[in-house]
Amino acid sequence: MTKEQDLGQKIFEEVGGMGNVSKIAHCMTRVRLGIKDTSKVNVEGLKKAPGVLGVVEDDTLQIIVGPGFVNKVAGAMCDMAGVKLGEVLPDNLDSAITGEYTTKTGKQLVEEKAAATKASMKQKQNNTSGFKRLLKSVANIFVPLIPGFVGAGLIAGIAAIIFNNIQAKNLDADTWMQFVTILNVIKNGIFSFLVIYVGINTAQEFGGTPVLGGAIGGVTLLMGVTPETPIKNIFNGSDMVAGQGGIIGVLLAVYLLCVLEKFLRKWIPNSLDIILTPMIALLIIGLFTIFIIMPFAGVISTSLVGSINWIIAKGGLFAGFVLGTLFLPMVMLGLHQVLTPIHVEMIAQNGYTILLPMLAMAGGGQVGASVALWMRCRKNKPLVNMIKGGLPVGILGIGEPLIYGVTIPLGRPFITACLGGGIGGAVIGFFGNVGAIAIGPSGVALIPLIANNTWLEYVIGLLAAYIGGFILTYLWGTPKDAMEAVEE
């Protein structure tokens, strides 16, 4: 068996078997499992499994295994279960795979169902508040889009570098501008139609028809409207602008589409459903989107982005320090997901988000703290090996191995690492003009995505986070027991 197959099998064993898993998914670093009965999960056993860097218990069970490797592990687990990524696993899967079918009495089935329901209710009480569900939905909508953001953002960065060098180095403008144009066409395949992709994912998340969600997202582009045939804003009489209301408007409109679609399917006869439901839903929500949601969401999104720009411009050092310090605790609580639509909206309005470079400093603090621990805890071989494994990806902006494998278990280093991130954020806040043209990466990997040729300012902030996390951890954040000699 391969390494990923071994780990996949071990994960199944520690979560109560394949039959206790309802769904398999993954993000950039975590295998995410839907669990039927949480009482069957051996969390401590999962944490000790070779290759597991940490475990997060939320509405899904999240096993941190690191970037790249996570795709292979999740894929191997799906192959074992005979399902595709994100598909619901069939009941009695363990028995179906082994071919060992057992006959259970009615009493046993009732008792098992009662136990599963009790565990499920307990999990919902603990983990699925309205705000938690909102954050989960935001993640489900935007996380699948991140590879597109990263790829298109890097292509845009290459186009910007070529464009900036055409005049500076007396290049053949006609030839090189062809390359710039082609690269921008590829980049626009994501960003120009982002509202459609968001609409599709939003409809899928809230139980609607994905293509209808994409259509409502496309409505906000106002295709076919020209200066000669404008649509008037019913509130102030001004001409409507394509994209007005941005991503926030699309999220609201498609959510209402899903509500209406479910209502219509209850009342329209099956024989007419395929014809009437999509037509009525699109017509009503389309009109509501153009005349109500787009003007309303336009005010909200403009005010929100304007307020953030104002706070950072006025707050400078202090605003950057607070954002850099608090970002990792927000990540641990899942609160960072609410920032994703804000990043996307800032990119849509300004061409870049000034929030992301500040928040990315949090990972820099973890890197600096881990280097300090490496130096001070050289006799602790298991800790040193964990740091060696986590540092390369930490420098590239994937912080979970260092966070969950190193700093959080030790306690104080996590605090000093967060403060180191705050120092880096303060430096970025001082410069005030550092933005990212796409979301997804952080750390060194974010450098190619920095806008307006301000990558040097970003690097200075990142170095400040490294140094701040290192000094604070070296002087005050290293626990004495971690420095004691421990052999593997």
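Residues numbered from 1 in each chain as written. Predicted model: local features only at pLDDT ≥ 70, side-chain atom pairs only at ≥ 80, totals over all residues. Heavy atoms only, no water.

Engineer: How should I be thinking about a nonpolar patch on the surface in this particular structure?
Structural biologist: A cluster of nonpolar side chains, contributed by M375, L463, I467, I471, Y474, L475 and W476, occupies part of the molecular surface with about 690 Å² of accessible area. Assignment of secondary structure puts W476 in helix α19 (residues 455-477). We classify W476 as exposed; its relative accessible area is 54%. (Patch = residues over 30% accessible without salt bridge, like charges linked within 9 Å, V, L, I, M, F, W, Y side chains within 5 Å. Areas by Shrake-Rupley, 256 points an atom, 1.4 Å probe, with all protein chains shown as cover. Salt bridge = Lys/Arg side-chain N within 4 Å of Asp/Glu carboxyl O. Helix = DSSP H or I, 4+ residues; strand = E, 2+ residues; numbered from the N terminus. Buried < 20%, exposed > 50% of the residue type's maximum accessible area, 1.4 Å probe, protein only.)

Engineer: I would appreciate a short explanation of the packing of aromatic side chains in the present structure.
Structural biologist: The relative placement of two aromatic rings is captured by the distance of their centres and the angle of their planes. Enumeration according to the criterion identifies six aromatic pairs in this entry. On the basis of an interplanar angle of 25 degrees and a centroid distance of 5.6 Å, the ring pair of F470 and Y474 is categorised as stacked. One end of the pair, F470, and the other, Y474, are both in helix α19, four residues apart, so they sit about a helical turn from each other. We classify F470 as partly exposed; its relative accessible area is 24%. Positioned over the ring face of F69 is K3, at 5.5 Å from the centre of the ring. (Phe/Tyr/Trp six-rings, centres within 6.5 Å; stacked < 30°, edge-to-face > 60°. Lys NZ or Arg CZ within 6 Å of the ring centre and 35° of its normal.)

Engineer: Would you take a moment to explain the packing of helix α18 (residues 412-431) against α19 for this structure?
Structural biologist: Running from N to C, α18 and α19 point in directions that differ by 150 degrees, and their axes come no closer than 7 Å. Taken as axis vectors, α18 and α19 run roughly antiparallel relative to one another. Remark: the crossing between α18 and α19 carries right-handed chirality. Across the interface between the two elements, R412, P413, T416, A417, L419, G420, G421, I423, G424, V427, I428 and F431 from α18 touch E457, Y458, I460, G461, A464, A465, G468, G469, L472, T473, W476 and G477 from α19. Residue composition of the contact of α18 with α19, by class: 13 nonpolar, nine polar and two charged. (Axes fitted to C-alpha atoms, helices over the stretch in contact; angles between N-to-C directions. Parallel < 35°, antiparallel > 145°, perpendicular 65-115°, else oblique. Left-handed = near helix turned anticlockwise from the far one by under 90°. Contact = heavy atoms within 4.5 Å. Nonpolar A, V, L, I, M, F, W, Y, C, P; charged D, E, K, R; others polar.)

Engineer: How do you make sense of the pattern of salt bridges when you look at a structure like this?
Structural biologist: Pairs can form between side chains of opposite charge once their charged atoms are near each other. Taken as a whole, this structure holds five salt bridges when the rule is applied. A salt bridge links E44 to K47, with the nearest nitrogen and oxygen atoms 3.9 Å apart. In this pair, E44 and K47 are both assigned in helix α2 (residues 43-48), three residues apart and thus about one turn of the helix distant. For K47, a relative accessible area of 42% puts it in the partly exposed group. Between D273 and R265 there is a salt bridge; the shortest N-O distance is 2.4 Å.

Engineer: I would appreciate a short explanation of the state of the cysteines in the present structure.
Structural biologist: Linking two cysteines covalently through their sulfur atoms gives a disulfide. Taken as a whole, this structure holds zero disulfides when the rule is applied. Note on C377: no disulfide assigned, nearest cysteine sulfur contributed by C418 at a separation of 18 Å. (Disulfide = S-S within 2.5 Å.)

Coordinates in, geometry out; function isn't part of it.
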